[in-house]
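Descriptive analysis of the structure
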Amino acid sequence: MDNSNDKLAIFFDLDDTLYDHLIPFREAVREVLRPDEDHLNYADLFYKVRHHSDLLWPKYLRGELELEETRVRRLELAFAEYGLELDREQASKVQAAYIGRQYSIEMIEGVAEQLQRFISLGHKVGVITNGPQDHQMSKLRGLGVDRLIPEEMIFISDAVGLAKPDPAIFAYVNRMTGTTAEHSLYIGDTWDNDVVGALEAGWKVCWYNPRGRQPGTEHKPSYIFASYREFSELPLI
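Here's a quick rundown of the structure. Numbering of residues starts from 1 in each chain and follows the order in which that chain's sequence is written. Where totals are concerned, whole chains, interfaces and linings use all residues; where local detail is concerned, this predicted model gives features only for residues with pLDDT of at least 70, and gives and counts side-chain atom pairs only at 80 or more. Side-chain numbers here rest on the full set of heavy atoms in the structure, without hydrogens or water.

1. Remarks on the overall build of the chain
Under the convention used in this document: Secondary structure elements follow DSSP: runs of H or I of four or more residues count as helices, runs of E of two or more count as strands, with numbering from the N terminus. It is over C-alpha atoms that the radius of gyration is taken, and the globule rule equals 2.2 Å times the number of residues to the power 0.38. Relative accessible area decides the class of each residue, using a 1.4 Å probe on protein chains only: under 20% of the type maximum gives buried, over 50% gives exposed, and in between gives partly exposed. Contacts were defined at the residue level, with two residues in contact if any of their heavy atoms lie within 4.5 Å. His is not counted, nor are the chain ends; Lys and Arg add positive charge and Asp and Glu add negative charge. One atom stands in for each charge, and that atom is NZ of Lys, CZ of Arg, CG of Asp or CD of Glu.
Of the regular secondary structure elements, the chain holds ten helices and six strands. The globule rule puts the C-alpha radius of gyration for 237 residues at 18 Å, and the 18 Å found for the chain is close to it. Each principal axis of the C-alpha atoms in the chain carries an extent, and together these give about 55 × 35 × 35 Å. Expressed as a percentage of its 237 residues, the buried residues of the chain come to 48%. Restricting the contact set of the chain to residue pairs at least 6 apart, pairs at least 24 apart contribute 65%. Across the chain, the 26 positively charged side chains and the 39 negatively charged ones have centroids separated by 1 Å.

2. Digging into the sheet that holds strand 2 (residues 124-129)
How we decide: Strand pairing requires that DSSP identify at least two bridges connecting the strands. Throughout, an axis means a line fitted to C-alpha atoms (over the contacting stretch in the case of helices), and angles, computed between N-to-C directions, take values from 0 to 180 degrees.
Pairing in this open sheet of six strands is parallel, and the strands run 3-2-1-4-5-6 from one edge to the other. Two strands bound the open sheet, and with one partner strand each, they are strand 3 (154-156) and strand 6 (223-225). Each strand axis lies, on average, 20° off the axis of its neighbour in the sheet, ignoring direction. Summarising the sheet, strand 4 (residues 184-188) and strand 5 (residues 204-208) pair through four bridges and their orientation is parallel. Its bridge partner being in strand 5, tyrosine 186 is matched across the sheet by valine 205. Sitting on the sheet, helix 9 (residues 191-200) is in contact with strand 4 and strand 5, with an inclination near 165° to strand 5.

3. Points about the layout of surface pockets
Filter applied, for reference: Cavities and pockets were defined on a 1 Å grid built over protein atoms only: a cavity is a set of grid points that admits a 1.4 Å probe from which the probe cannot escape, a pocket is an open set flanked by protein on both sides within 12 Å along at least five of seven lines, and lining residues are those with an atom within 4 Å of any such point. Grid points are joined across faces, edges and corners, and a volume is the space filled by probe spheres set on the points. Under the scheme applied, nonpolar residues are Ala, Val, Leu, Ile, Met, Phe, Trp, Tyr, Cys and Pro; charged residues are Asp, Glu, Lys and Arg; polar residues are all the others, including Gly.
Approximately 520 Å³ is the volume found for the largest pocket. Forming the boundary of the largest pocket are 24 residues, of which Tyr47, Asp189, Thr190, Trp191 and Arg213 lie nearest the centre. Of all the secondary structure elements, the ones that give two or more residues to the lining of the largest pocket are helix 2 (42-61), helix 9 and strand 5. Ranked by the residues each element gives to the lining of the largest pocket, the list is headed by helix 2, at seven residues. Split into classes, the residues belonging to the lining of the largest pocket amount to ten nonpolar, six polar and eight charged.

4. Some details on the pairing of strand 5
Each regular strand carries side chains that alternate between the two faces of the sheet. Selection rule: The crossover handedness rule: strands pointing away from the viewer, path from first strand over the helix to second strand clockwise, crossover right-handed.
By the criterion of burial, strand 5 is predominantly enclosed, with four of the five residues buried. Chirality of the crossover, the property in question, places the unit of strand 4, helix 9 and strand 5 among those that are right-handed.

5. Some remarks on helix 1 (residues 22-33)
Selection criterion: The span expected for a helix works out to 1.5 Å for each residue beyond the first. This arc is taken over the directions from the axis of the helix to the C-beta atoms.
Compared with an ideal rise of 1.5 Å per residue, which puts twelve residues at 16 Å, helix 1 spans 16 Å between its outermost C-alpha atoms and is within 8% of the ideal. Among the residues making up helix 1, those that are buried are Leu22, Pro24, Phe25, Ala28 and Val29. One face of helix 1 carries all of its buried residues, which in axial projection span an arc of 165°. Where helix 1 is buried, its residues meet helix 2, helix 3 (67-82) and helix 4 (88-101).

6. Concerning the packing of helix 2 against helix 3
Definition in use: Roughly parallel refers to an angle under 35 degrees, roughly antiparallel to one over 145, roughly perpendicular to one between 65 and 115, and oblique to any angle outside these ranges. By definition, any crossing whose near helix is turned counterclockwise from its far helix by less than a right angle is left-handed, and any crossing with a clockwise turn is right-handed.
Relative orientation of the contacting elements helix 2 and helix 3 amounts to 140°, with a least axis distance of 8 Å. Our classification of the angle between helix 2 and helix 3 gives oblique. In this structure, helix 2 meets helix 3 at a crossing whose hand is right-handed. Contacts between helix 2 and helix 3 involve Asp44, Leu45, Lys48, Val49, His52, Ser53, Leu56, Trp57 and Tyr60 from the former and Leu67, Thr70, Arg73, Arg74, Leu75, Leu77, Ala78, Phe79, Glu81 and Tyr82 from the latter. For the contact of helix 2 with helix 3, a count of residues per class yields eleven nonpolar, three polar and five charged.

7. What about the packing of aromatic side chains?
Let me state the cut-off plainly: Working definition: rings of Phe, Tyr and Trp (its six-membered ring) pair if their centres are within 6.5 Å, and the pair is stacked with planes under 30 degrees apart, edge-to-face with planes over 60 apart, and tilted otherwise. Placement of a charge over a ring requires the Lys NZ or Arg CZ to be within 6 Å of the ring centre, with the centre-to-atom vector within 35 degrees of the ring normal.
Tallying each qualifying case throughout the model produces 19 aromatic pairs. With a centroid separation of 6.3 Å and an interplanar angle of 75°, the aromatic rings of tyrosine 186 and tryptophan 203 are classed as edge-to-face. Linking tyrosine 186 in strand 4 with tryptophan 203 in the loop between helix 9 and strand 5, this pair joins segments that are 17 residues apart in sequence. For the pair shown, tyrosine 186 and tryptophan 203 are each scored as buried. Consider the rings of tryptophan 191 and tryptophan 207, whose centres lie 4.7 Å apart with planes at 70°: the pair is edge-to-face. With tryptophan 191 in helix 9 and tryptophan 207 in strand 5, the pair connects residues that are 16 residues apart, well separated along the chain. An identical accessibility class is assigned to tryptophan 191 and tryptophan 207; each is buried. Three or more aromatic residues joined by ring pairs make a cluster, and in this case those are Phe11, Phe155, Phe170, Tyr172, Tyr186 and Trp203. Geometry around tyrosine 47 places arginine 213 over its ring, the cationic atom sitting 4.0 Å from the centre.

Dropping the structure here:
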């Protein structure tokens, strides 16, 4: 990717990139709703939840929606689009169960080794994630990421006042870390927030796509990978 001797700035998304977001969601739905799983594809349903979360998040940032309303509303919209009935009480219970499970999570297989590899080689390694500061930091602590990456290399949208896919958050990270866009790499799973946002900021991007999603625009990530075994073999450094 880069033949110079300059070290890279390598930043990761958090949700569905460092850990599998689907696992706590699936377990929460099972606990609260006990659905007929013969006719339910959790991955497709969760994809709709993420989609509606991304659509509602700007309203939360502008103060038009409270955080809890944003979270519950995304569930209502996603379930309705999927063709499942979910009333407000059920949505609130699913959300509470979902949140509770997000602090007992594990890194996706191979993630820790890649973080340690880049750190040991002297590259600047960090995290850029959308969400509430305390919530996202609790997940990072649960994963043990805070023991590998210093706090000054962790950028959370609510703390920064900028959110993906706005290229400004990537430019802000460059300014704060003394790095440049041309020597920066972002690894993330969401097409609009991660791939488009980082590319528009002039960064190179590795799209983590384990479920074979289709690109949403004509943007071209530098690499696409479906597992961290594949990722470890990419000619990044």
